[in-house]
Amino acid sequence: MVALLVALSMGVFVPRPLASPAEASVGDGTQILLLANPIHTDIALPIDDEVRAAFADLAPSGLPVDMPGVEYLIIGWGGRSFYIETPTWGDIRPLPVLKALTIDRSVLHVSVAGPIDPAHPTVRPLVVTQEGRKRMIAAIRDSFIRDGGLPVAIPGAAYGFDDAFFEAKGAFNAFLGCNTWTAAVLRAGGVRTGWWTPLPQLLDLSIDLHYDA
């Protein structure tokens, strides 16, 4: 237990990268959103021509990227069993939880949304440069498993009409899970985080400590 507490403390207080990116505080920035619940984080990208073009290959899955009123594309990575089978807290079951605590195949969950209030307590606005956002988009795209160049959608796996699940690279476990994936994508965009942030609260605290915007 002591070793775990030490690891968590170092994961938050030791920055990654060690040197602050020079571009993190420049003025040509664009806002992205970090969304969080008690155990999971997502990244919300404002939809514009660049984002729409970068993720146009998701449209064949039925994801309504061009639906009127859509303002954000929301992406998260996680364990296949728990993520797909637990759309609400009331859907929690033992087997998906067990897989989430051990090891599981990974998936990407992509959804669209209308306006999101940046002042909501579960939302954290972050500013990245235009070039930083391009790198974030590239990191997200690189997380998809592809067949014939297209992301592989998981048939019948969705919470509703405005989302879809896709096969993802990497294996999920409790130590290298959704929040460490989120942190890696943020770092690609120039957002400095803690070295290891397996929980949303730790990721948020590490951004408080290390990100200068």
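Residues numbered from 1 in each chain as written. Predicted model: local features only at pLDDT ≥ 70, side-chain atom pairs only at ≥ 80, totals over all residues. Heavy atoms only, no water.

(A) Expanded view of the pattern of salt bridges. Tallied over the full model, the rule gives 12 salt bridges. One salt bridge in this structure joins E50 and K134, with 2.8 Å as the shortest N-O distance. Pair noted here: E50 is in helix α2 (residues 49–54) and K134 is in helix α5 (residues 130–142), with a separation of 84 residues, a long-range link. Classification of E50 as partly exposed rests on a relative accessible area of 24%. Overall, the relative accessible area of 42% leaves K134 in the partly exposed class. Close ionic contact of R146 with D57 constitutes a salt bridge, the shortest N to O distance being 2.9 Å. Pair noted here: R146 is in strand β7 (residues 146–147) and D57 is in the loop between α2 and β4 (72–79), with a separation of 89 residues, a long-range link. The partly exposed category is assigned to R146, whose relative accessible area is 29%. Taking relative accessible area as the criterion, D57 reaches 17% and is therefore assigned buried. Each of the salt bridges in this network shares a partner with another, and the network as a whole consists of D48, E50, R133 and K134. (Salt bridge = Lys/Arg side-chain N within 4 Å of Asp/Glu carboxyl O. Helix = DSSP H or I, 4+ residues; strand = E, 2+ residues; numbered from the N terminus. Buried < 20%, exposed > 50% of the residue type's maximum accessible area, 1.4 Å probe, protein only.)

(B) Layout of α5. Over its 13 residues, α5 runs 18 Å from end to end, which matches the ideal 18 Å to within 8%, given 1.5 Å per residue. Looking at α5, one finds that the buried residues are G132, R133, M136, I137 and I140. The arc that holds every buried residue of α5, seen down its axis, measures 140 degrees, which confines them to one face. Of the surrounding secondary structure, the elements contacted by the buried residues of α5 are β2 (29–36), β3 (41–46), α2, β4, β6 (123–129) and α6 (178–188). (Expected span 1.5 Å × (residues − 1). Arc of directions from axis to C-beta. Contact = heavy atoms within 4.5 Å.)

(C) Seen up close, a nonpolar patch on the surface. There is a patch of nonpolar side chains on the surface, built from F13, L205 and L209 and spanning about 280 Å² of accessible area. Along the chain, F13 turns up in helix α1 (residues 2–13). Judged by relative accessible area, F13 falls into the exposed class, the value being 53%. (Patch = residues over 30% accessible without salt bridge, like charges linked within 9 Å, V, L, I, M, F, W, Y side chains within 5 Å. Areas by Shrake-Rupley, 256 points an atom, 1.4 Å probe, with all protein chains shown as cover.)

(D) Representation of the pairing of β2 within the structure. Across 7 bridges, β2 lies against β6 in antiparallel orientation. Residue pairing for β6: G29 is matched across the bridge by T129. Where β2 lies against β3, 4 bridges are found, and the strand directions are antiparallel. Note on β3: the bridge partner recorded for A36 is T41. (Pairing = 2+ DSSP bridges.)

(E) Here's a closer look at α6. Most of α6 is tucked away, with 9 of its 11 residues classed as buried. Within α6, burial applies to C178, N179, T180, W181, T182, A183, V185, L186 and R187. Residue G190 follows α6 closely and has a positive phi angle near 100 degrees.

(F) Representation of the confidence of the model for the protein. The predicted model of the protein has a mean per-residue pLDDT of 88, with 84% of residues at 70 or higher. Of all the helices and strands in the protein, helix α4 (residues 94–101) carries the lowest mean pLDDT, 60, while β3 carries the highest, 98. (pLDDT = per-residue confidence, 0-100.)

(G) Summary view of the pairing of strand β9 (residues 163–173). For β9, the tally of buried residues reaches 8 of 11 residues, placing the bulk of the element in the interior. Taken together, the 8 bridges between strand β5 (residues 103–113) and β9 define a ladder with antiparallel strand orientation. Across the sheet, S111 pairs through a bridge with D163, a residue of β9.

(H) Representation of the packing of α6 against helix α7 (residues 200–210) in the model. Orientation of α6 relative to α7, taken along the N-to-C sense of each, is 25 degrees, at an axis distance of 9 Å. With respect to α7, the axis of α6 lies roughly parallel. Crossing geometry of α6 relative to α7 is assigned as right-handed. Of the residues in α7, those touching α6 at N179, T182, A183 and L186 are P200, L203 and I207. (Axes fitted to C-alpha atoms, helices over the stretch in contact; angles between N-to-C directions. Parallel < 35°, antiparallel > 145°, perpendicular 65-115°, else oblique. Left-handed = near helix turned anticlockwise from the far one by under 90°.)

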